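# Overview (structure and organization)
Each chain, written out:
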Amino acid sequence: MVTVLIAGGGTGGHVFPMVAVGDAVRAAARDDGARVVYVGTARGIEARVMRERGDTLELLHVLPLRGGGLSGFVRGAVCAGRVLPEARRLVERLDARVVLSLGGYAGGPVSLAARSLGVPVAILEPNSVLGLSNRLLSPIVDRAYVAFPETARALRPSTVRLFGVPLRRAFARAPYAPREGKLRLLVLGGSQGALALNDIVPRAIAQGRERGVDLDVVHQTGRDREAAVRSLYAELGLSGRARVVPFIDDVAEALAAADVVIARAGASTLAELCAVGRPSILIPYPFAADDHQLKNAQSLERASAAVAIAQADATEARLAGEIARLAAAPALRARMADAAAAFATPDAAARVAADLLELARAPRHRALRFPVLGGRAERAGEAPRRAAMNEAAPLGAALGREEAG
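Note that the structure is predicted; figures quoted are calculated from it, not measured. (Residues numbered from 1 in each chain as written. Predicted model: local features only at pLDDT ≥ 70, side-chain atom pairs only at ≥ 80, totals over all residues. Heavy atoms only, no water.)

## Details of the confidence of the model for the protein
When pLDDT is averaged along the protein, the result is 85; 85% of the residues meet or exceed 70. Confidence drops under a pLDDT of 50 for residues 374-405, and excluding neighbours within four residues, the segment shows 54 contacts in the predicted structure. (pLDDT = per-residue confidence, 0-100. Contact = heavy atoms within 4.5 Å.)

## Side note on the sheet that holds strand S9 (residues 215-220)
The sheet built from 6 strands is open, its strands ordered S10-S9-S8-S11-S12-S13 with parallel pairing. A strand with exactly one partner marks an edge of an open sheet, and here the two such strands are strand S10 (242-245) and strand S13 (306-308). Put simply, the sheet's adjacent strands are angled 15° from each other on average, direction ignored. Pairing geometry for S9 and S10, over 4 bridges, is parallel. Pairing of Val217 across the sheet is with Ala242, part of S10. On top of the sheet, helix H11 (residues 316-327) reaches strand S8 (183-188), S9, strand S11 (260-263), strand S12 (280-282) and S13; it is set at about 165° to S12, its chief contact. (Pairing = 2+ DSSP bridges. Helix = DSSP H or I, 4+ residues; strand = E, 2+ residues; numbered from the N terminus. Axes fitted to C-alpha atoms, helices over the stretch in contact; angles between N-to-C directions.)

## Topic: the nonpolar core
One finds Ile6, Val25, Leu100, Tyr145 and Leu356 to be the most contacted residues of the largest nonpolar core, which totals 35 residues. Breaking this core down by element, the ones donating at least two residues are strand S1 (2-7), helix H1 (12-28), strand S2 (34-40), helix H2 (46-53), strand S3 (57-59), strand S4 (96-101), strand S5 (121-125) and helix H13 (348-361). Looking at this core, the element that brings in the most residues is H1, giving 8 residues. Here Tyr145 is in contact with Leu100, Ala122, Ile123, Leu124, Glu125, Arg161, Phe163, Val352, Asp355, Leu356 and Leu359, once residues within four sequence places are set aside. If you look at the next biggest cluster of nonpolar residues, it comprises 32 residues, including Leu185, Ile283, Ala320 and Ala327. (Core = buried A, V, L, I, M, F, W, Y, C linked by side-chain atoms within 4.5 Å. Buried < 20%, exposed > 50% of the residue type's maximum accessible area, 1.4 Å probe, protein only.)

## Details of helix H6 (residues 195-210)
With 16 residues, H6 should cover 22 Å at 1.5 Å per step; its first-to-last C-alpha distance of 24 Å lies within 8% of that length. Within H6, burial applies to Leu197, Asn198, Ile200, Val201, Pro202, Ala204, Ile205, Ala206 and Gly208. Those residues of H6 that are buried lie in contact with S8, S9, helix H7 (226-235), S11 and H11. In the stretch just after H6, Gly212 is the one whose phi turns positive, near 95°. (Expected span 1.5 Å × (residues − 1).)

## Considerations on unusual backbone geometry
Glycine aside, residues mostly have negative phi, and peptide bonds are mostly found in the trans state. In this structure, Asp95 is a non-glycine residue whose phi angle is positive, near 50°. You can see Asp95 is positioned in the loop between helix H3 (69-93) and S4. A positive phi angle is found at Asp224, which is not glycine, with a value near 65°. Its place among the elements puts Asp224 in the loop between S9 and H7.

## Some details on the packing of H1 against H13
Where H1 meets H13, the closest approach of the two axes is 8 Å, and the angle between their N-to-C directions is 60°. As judged from the angle between their axes, H1 and H13 are oblique. With respect to the hand of their crossing, H1 and H13 are arranged in right-handed fashion. Across the interface between the two elements, Ala20, Val21, Ala24, Val25 and Ala28 from H1 touch Ala349, Ala350, Val352, Ala353, Leu356 and Leu357 from H13. When its residues are assigned to classes, the contact of H1 with H13 shows 11 nonpolar, no polar and no charged. (Parallel < 35°, antiparallel > 145°, perpendicular 65-115°, else oblique. Left-handed = near helix turned anticlockwise from the far one by under 90°. Nonpolar A, V, L, I, M, F, W, Y, C, P; charged D, E, K, R; others polar.)

## Digging into the sheet that holds S3
One open sheet holds the 7 strands; their spatial order is S3-S2-S1-S4-S5-S6-S7, and the pairing between them is parallel. One side of each edge strand has no neighbouring strand; the edge strands of this open sheet are S3 and strand S7 (160-162). Averaged over all adjacent pairs, the angle separating strand axes in this sheet is 25°, with direction ignored. The pairing of S1 with S4 spans 5 bridges and is parallel. Directly across from Val4, in S4, lies its bridge partner Val98.

## Focus: the packing of aromatic side chains
Within this structure, the stated rule accounts for 2 aromatic pairs. Ring plane angle 80° and centroid distance 5.8 Å describe the contact between Tyr285 and Phe287, whose orientation is recorded as edge-to-face. Classification of Phe287 as exposed rests on a relative accessible area of 65%. Geometry around Phe247 places Arg48 over its ring, the cationic atom sitting 5.4 Å from the centre. (Phe/Tyr/Trp six-rings, centres within 6.5 Å; stacked < 30°, edge-to-face > 60°. Lys NZ or Arg CZ within 6 Å of the ring centre and 35° of its normal.)

## Quick word on the environment of Phe247
By secondary structure assignment, the location of Phe247 is in the loop between S10 and helix H8 (251-257). C-alpha of Phe247 to C-alpha of Leu188: the two residues are 59 residues apart in sequence and 9.1 Å apart in space.

Spelled out as structure tokens, the structure:
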């Protein structure tokens, strides 16, 4: 049985592709068996998601490199350097045969530790712009799984596999039957919600109603934000038209029931939209690293699958106008749904899993020396003993405060 480490986390955009690949690895290795172990931090939603699923999650204490200016970058880099010996012991203890990094806090240290031991390393970049962690790791990786052709330009061609964004099995094409009359609108702010969408979308819907647009709304607000959004809908006289929830467990079902989706433009969200095949109005998070959400959204807009509106331009009037335009044009919505479905990569998780297992069964590399790792390798036989004692790390600390878009 081979052990596959999948490292990363933080938001749903990292965690749900991790889960999709892990499930696909187990399915692909059913005859020979494969153990999947996730590595993350207590800061991200992986602690909750993996606990609820019953998966094995190892925790590392790592700080973000971005978001805190130069001082934050320095603190994150120092913290990552300090955790490298621990990451190396983790890779040895679990006898990992391959590591997949999705970026996030834990991906870098685990990948460097693995490469120092000769273990093959792969990265998965779901966005149209290569993230910082994956960019730093790219010189040492064996594989780079990407979803957008433009991402490949920053990578060694021999490593690139254009497989798409891995999704959980529930996401599959649902035929779109546009209809006249009432529009079913789904509002998604990502796994953490989006403060801007929580404020502007209800007001735009109210304006749309004034223009004669008949709407039913399902609005995902993010944790601990539903009361304020529900109150806003009530203030606008829309309580009977809007179902407000903090989180949607079955996003695939919600997408299939929607006529139009208003959402951020994280890669996983767009992959889910395309897998089901739904028209969308995308309002990218303006502070995403390298403005990658805007680039993601523009890729779909160029294909006539979505309307992309920068947050600075997303006024109540503009959004209400787009909602009214789509409500009045069922044929346009159908064309957008078909265009979105053309972007879908339903087999991405299976393809990534199959390739990872090939890497896991290949001979190991010559180990690389990273001076910061220090220490000596464990003696033969010590890793299995420690693995038996430490099969899973405690989930430990509570989640850190989620950031809003």
